[in-house]
Each structure stands twice: as structure tokens, then as C-alpha cells.
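Residue strings, one per chain:
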Amino acid sequence: MDRRNFTGKMALGASGALMAPHLSWACAPNGNTAQRKLGVALVGLGSYSTYQLAPALEQTQWCRLAGIVTGTPSKAAKWREQYGIDPSHIYNYENFDAIAQDDSIDIVYVVLPNSMHAEFAIRAAKAGKHVICEKPMAVSVAECDAIIAACETAGVKLSVGYRLQSEPYTREIKRLVREKTFGDVLFISADAAYVSRGNPDQWRLNRELSGGGALLNMGVYSIQSCIYSCGKNPIGVSAQEFSTRPEYFKDTDETITAQFTFPGGVVGQMMTSHNANANRLYGSCTSGWFELQPANNYGPLSGRTSEGPIEFPHESQQKLQMDDFARHILEGTPNRAPGEMGRRDMVIVEAIYRSIREGGRQIALDLPEGYGILQE
Ligand code: NAD
């Protein structure tokens, strides 16, 4: 297909985005079309990039691993060999901004410790690249606002690495709630926790780098679960913090419980911890119930309802997430995890910490509807 034929077959979608008729055609942020999948650069080559994202990007239809950003030369050499990445697409944290001139890179995926997300997301937006920020989106609402503003100014798309938003069991829960299969949701319980026994100096236990403990790590999954299982944003939250190993969790929260109130008197409760194992979502409705257990890990997830099992074939969640974001850029399909969703969750995180500081007092939340809570 030559360029004239290609543009002739393109159509403008409702959002004004170019509709790509062909998988191998991509529309870069600068508007250039090229005969290739969208190129993704991973920033930070730690365990999530190494064991989940890079392998997933070998399976994606709409995007591919095209570049890396790392502060460790030995990792650069290893990834160069393993994934065939040309040195011209390998950056470090200092020369990262030169990525603006790299036409092979369309999307920058920030996979760094939480307190570094905002800096690199904003630098990526200024370089004219679409941005995915790992969860939690940042360590404060103010940082989320700055990321959203930078992406708006640059005219680039922004997403948060909420892989479960693309995952079939989670999407099925959203469908059950959206279609009121079991009537109205009355009560939600969501737990996301694991036991941390590793190096006490790791960044996740260092508030300056993590922004917080279990709540910033696994807690955002519980917050998300409560919201999409209820189909609404909460209007209030109260919370408590507990610790059984204060000598290990010196700087960050170990275990947090929180109770949400939703419009109409619906109740949600959540637990998150770095010192217990829990991985469950349960919803009670007027004429039945649903449950996922496990609900949050890389899958396969498992689920059932009052009418029987939920069953889907397993696929890489990261592959589904990356292809969803690429199609959002290319075709204007819905952004399953927009920046506003990450910001909303950070509003809730800040309210939870405030409630704990104020002795468990109920904190009112004023969150606008939206963010695709129940989108298909
Ligand atoms: P990790 O510790 O394995 O990797 C962190 C990377 O950041 C390393 O490559 C490290 O070299 C680099 N880095 C740069 N500056 C650093 C500094 N000052 N201190 C420490 N590391 C520094 O962490 P990870 O598990 O890959 O997590 C990275 C991000 O991905 C986090 O935001 C985390 O919440 C998120 N994550 C998301 C999921 C998910 O399921 N969506 C899963 C795991 C991690």
C-alpha cells in the first residue's frame, strides 16, 4: 500500500483520531504515518520491565519494544543483544530528552520507582511522546495534575499501567455491574496484599522513593476493585493503619484498612498489606453475588458468581494493556486507564492517609463521575 492509497483509506473517527485500516500502519504523535507498529521505549529496566513488559511486547499486535532508558550500561548491553535494540534507541536518564528526535519511539512507558514517575512522564510529554505511567501514577495529586497538564500541552495521550482494566475477568465484573445482572450492588470487599520479607533498604520501603507503603503498591488495586465493582466513585472514606513488624516497616505503611461509602448507601471495604497474603474481590448484589480470587495478580485469574464459574482463556495482561493503549492512539478506541483515573485514585490515597492521621475520621470525597468506570 503506498502513502496515497493509505491516506485515501483512512477515516476520521468520532474523536478526530485517524482510523488505521491496517495493523502495520501507525500514526506517530507528530502526525507522521509510518509502516510499522507503534514503538515503545521502557524507562527503567527493573523486574516489571524485565519479566512482564518486555516479553509482553513480543506478543503485541499494535506496538513493539523499540527503545530502552536505563542508568545501568550492563543492562543496556544485555537488552541490546536480547531484543535487537539498535544503540541509537538506547538512552540513559541524563540524555533521555534526546528521545524527542527519535522517530522510532511513539510511546514512553515509565517503569521507575513511584517518586520518579512525574519527572519522566513530563519529560516524555515534552519530547512529544505518548505516555504510560506505571501505577501508582505518581506520589501526590499535585504530581498527577502536572503530568496531565504536560500531556495536554504536548497533545499526547496519557495512560496508567492498570493492566487489569484490559483483563477479561475484570472486564466481566464490569459488565455484570453495568448490566445489573444480579441487580444493584450493595456491598463490596476488596483485598490486595502480599508478605514483604526482602531487603529492608528496597525502594518500596523508602517513603521518599515510594510515596508510601502497601497503599501505594497493592492498595491502588483494592481502590480500583471497589470502584469498578460498585460502578461509581465513592463519596467518603475512613481508614485505619496497623503494624506488627514496625522494625521492618520503619518508613512506610504495613497494613491499611479502609471503608468507602458510595451514593445510595452502598458500602465498600478494602484491606492492603505488605505483611499478609490476600488477593480477592467480592460483591454482594440484590439478587446474587460475584467473586474473583485471585483478583489482582498476573493471571490466570479465577472467578465465580452465584450462578456458576466465570471462565476465560488466559492471555498476557500486559499484552492486552499495551495493545489497548496503542489502539487508543491509532483508532481512538476508549482509553481504558486514562490519567484522570490515576489522579482520582491518588485523591483517594491522600484521603485515606488523612483519615488515618485524623484518627479514622470520615473524609468526604468530591469526585466527578467518569473516567470510564464501567466502560466496555
Ligand atoms: P524494580 O525495583 O524491580 O525496578 C526499578 C527500576 O528503577 C530499576 O531498573 C532501577 O535500576 C531503576 N531505578 C532508577 N533510579 C532508581 C532509584 N533511585 N532507586 C531504585 N531504583 C531506581 O521495581 P519494579 O517492580 O519494576 O517497579 C517499577 C514500577 O512499576 C513501580 O512504579 C511499580 O509500582 C510498578 N509495577 C507495576 C506492576 C503492575 O502489575 N502494574 C508490577 C510491578 C511493578
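Residues numbered from 1 in each chain as written. Predicted model: local features only at pLDDT ≥ 70, side-chain atom pairs only at ≥ 80, totals over all residues. Heavy atoms only, no water.

### Points about the overall build of the protein chain
Selection criterion: For the purposes of this entry, the term helix denotes a DSSP run of H or I that reaches at least four residues, the term strand denotes a run of E that reaches at least two, and both are numbered from the N terminus. Note on method: radius of gyration uses C-alpha positions; expected globular size equals 2.2 Å times residues raised to 0.38. Relative accessible area decides the class of each residue, using a 1.4 Å probe on protein chains only: under 20% of the type maximum gives buried, over 50% gives exposed, and in between gives partly exposed. Here a residue-residue contact requires only that any non-hydrogen atoms of the pair lie within 4.5 Å. Values of accessible area rely on a 1.4 Å probe in the Shrake-Rupley scheme; residue burial ignores everything except the protein chains shown.
Counting its secondary structure elements, the protein chain contains 10 helices and 19 strands. The C-alpha atoms of the protein chain give 21 Å as radius of gyration, which agrees with the globular expectation for 376 residues (21 Å, within 12%). Projected onto its principal axes, the C-alpha positions of the protein chain cover 60 × 45 × 35 Å. Within the protein chain, buried positions represent 56% of all 376 residues. Once local pairs closer than 6 in sequence are excluded, the contacts in the protein chain between residues at least 24 apart make up 68%. On the protein chain, roughly 15600 Å² of surface is accessible, and the fraction owed to carbon and sulfur atoms is 50%.

### Quick look at the domain arrangement of the protein chain
Stated formally: Where each domain starts and ends comes from a domain assignment, either automatic or drawn from a database. In short, buried area is how much 1.4 Å probe accessible area vanishes from two parts on joining, totalled over both. By definition here, a salt bridge exists when the distance from a side-chain nitrogen of Lys or Arg to a carboxyl oxygen of Asp or Glu is within 4 Å. Only Asp, Glu, Lys and Arg are considered charged in this grouping, and only Ala, Val, Leu, Ile, Met, Phe, Trp, Tyr, Cys and Pro are considered nonpolar; every other residue, Gly among them, is considered polar.
With domains assigned, the protein chain is organised as domain 1 (21–160) and domain 2 (164–313 + 339–364). Summing both sides of the interface, domain 1 and domain 2 together bury roughly 1500 Å²; the carbon and sulfur share of this comes to 63%. Residue Asp145 is joined to Arg343 by a salt bridge in which the shortest nitrogen-to-oxygen separation is 2.5 Å. Broken down by element, the residue count for the side of domain 1 that touches domain 2 peaks at five residues, all from helix 5 (residues 141–154). Partitioned by chemical class, the residues of the side of domain 1 that touches domain 2 number 11 nonpolar, four polar and three charged.

### Comments concerning the sheet that holds strand 18 (residues 308–310)
Put simply, the test is: Any two strands between which DSSP finds at least two bridges are classified as paired.
Reading across from one edge, 18-17-16-15-11-14-13-12-19 is the order of the nine strands in this open sheet, with mixed pairing throughout. Each of the sheet's edge strands pairs with one partner strand only, and the pair in question is strand 18 and strand 19 (363–364). Where strand 16 (residues 288–292) lies against strand 17 (residues 303–305), three bridges are found, and the strand directions are antiparallel. When the bridges of strand 17 are listed, Glu291 appears paired with Arg304.

### A few points about helix 8 (residues 214–230)
Each turn of an α-helix holds 3.6 residues, which means side chains three or four residues apart point in the same direction. Which entries qualify depends on this criterion: Each helix should span, by expectation, one fewer than its residue count multiplied by 1.5 Å. Bend is computed residue by residue as the angle between axes fitted to the seven residues ending at the residue and the seven residues starting at it.
Counted at 1.5 Å a residue, the expected span for helix 8 with its 17 residues is 24 Å, and the 23 Å between its end C-alpha atoms agrees. Val220 marks where helix 8 bends most, by close to 40°. For helix 8, the buried fraction is high: 17 of the 17 residues fall into the buried class. Remark: Gly231 follows helix 8 within two positions and exhibits a positive phi of approximately 85°.

### Observations regarding the nonpolar core
Basically, it comes down to this: Nonpolar cores are built from buried Ala, Val, Leu, Ile, Met, Phe, Trp, Tyr and Cys residues. Side-chain atoms within 4.5 Å join them into one set.
If you look at the biggest cluster of nonpolar residues, it comprises 81 residues, and the most contacted ones within it are Ile147, Leu215, Ile223, Phe260, Phe290 and Ile352. The greatest single-element share of this core, amounting to 10 residues, is contributed by helix 8. Apart from residues no more than four positions distant in its own chain, Leu215 is found in contact with Val220, Ile223, Asp253, Ile256, Met270, Thr272, Val349, Ile352 and Tyr353. Counting 26 residues, the second largest nonpolar core, distinct from the first, contains Val40, Leu45, Leu57 and Ile68.

### Some thoughts on the site of the ligand
Keep this limit in mind: One heavy atom within 4 Å of a molecule or strand is enough for the residue carrying it to be called near that molecule or strand. Any pair of N or O atoms that falls within 3.5 Å is considered a polar contact. Within protein, one atom must be able to donate a hydrogen and the other to accept it, and sequence-neighbouring residues count only if both atoms are side-chain atoms.
Among the 21 residues in the neighbourhood of the ligand, the closest are listed as Ser47, Asn114, Lys135, Arg163 and Trp203. Contacts to the ligand include Tyr221, whose side-chain N or O atom sits 2.9 Å from an oxygen atom. Contact with the protein chains removes 79% of the 840 Å² of surface that the ligand exposes when unbound. Among the residues forming the shell around the ligand, the class breakdown is 11 nonpolar, five polar and five charged.

### A few points about the pairing of strand 16
Two faces belong to every sheet, and in a regular strand the side chains alternate between them. Across the five residues of strand 16, four count as buried, placing the element largely inside the fold. Pairing geometry for strand 15 (residues 278–285) and strand 16, over five bridges, is antiparallel. Within strand 16, the position partnered with Gly283 by the bridge is Phe290. Here strand 15 folds back onto strand 16 in antiparallel fashion, the turn holding two residues.

### Describing the packing of helix 2 (residues 47–57) against helix 9 (residues 317–331)
The criterion, for reference: Axes here refer to lines fitted to C-alpha atoms; in helices the fit is confined to the stretch in contact. Angles between the N-to-C directions go from 0 to 180 degrees. Angular relationships are summarised with four words: roughly parallel below 35 degrees, roughly antiparallel beyond 145, roughly perpendicular across 65 to 115, and oblique for the angles in between. Crossing handedness: left-handed means the near helix sits turned counterclockwise from the far one by under a right angle, and right-handed means the same turn made clockwise.
Contact geometry for helix 2 and helix 9: axes closest at 8 Å, N-to-C directions at 60°. Regarding the angle of helix 2 to helix 9, the classification is oblique. Every pair of crossing elements has a handedness; the one defined by helix 2 and helix 9 is right-handed. Each of Tyr48, Gln52, Leu53, Ala56 and Leu57 in helix 2 lies in contact with helix 9, whose residues at this interface are Gln318, Lys319 and Met322. The class makeup of the residues in the contact of helix 2 with helix 9 is five nonpolar, two polar and one charged.

### Details of the packing of helix 6 (residues 168–178) against helix 8
Put simply, helix 6 and helix 8 touch, their axes get as near as 8 Å, and they point 35° apart. Across the interface between the two elements, Thr170, Ile173, Lys174 and Val177 from helix 6 touch Tyr228, Ser229 and Cys230 from helix 8. Here the residues of the contact of helix 6 with helix 8 are counted per class, giving four nonpolar, two polar and one charged.

### Observations regarding the pairing of strand 5 (residues 38–43)
Quick reminder of the rule: Orient the strands so they point away from the viewer; a crossover is then right-handed if the path from the first strand over the helix to the second runs clockwise.
Of all the six residues making up strand 5, six are buried; the element is thus mostly covered by neighbouring parts of the structure. With burial as the criterion, each face of strand 5 is covered, one bearing Leu38, Val40 and Leu42 and the other bearing Gly39, Ala41 and Val43. Where strand 5 and strand 6 (residues 63–69) come together, six bridges link them in parallel fashion. Bridged to Gly39 within strand 6 is Arg64. Handedness of the β-α-β unit built from strand 5, helix 2 and strand 6 comes out right-handed. Examined bridge by bridge, strand 5 and strand 8 (residues 107–110) share four bridges and lie parallel to one another. Directly across from Val43, in strand 8, lies its bridge partner Val110.

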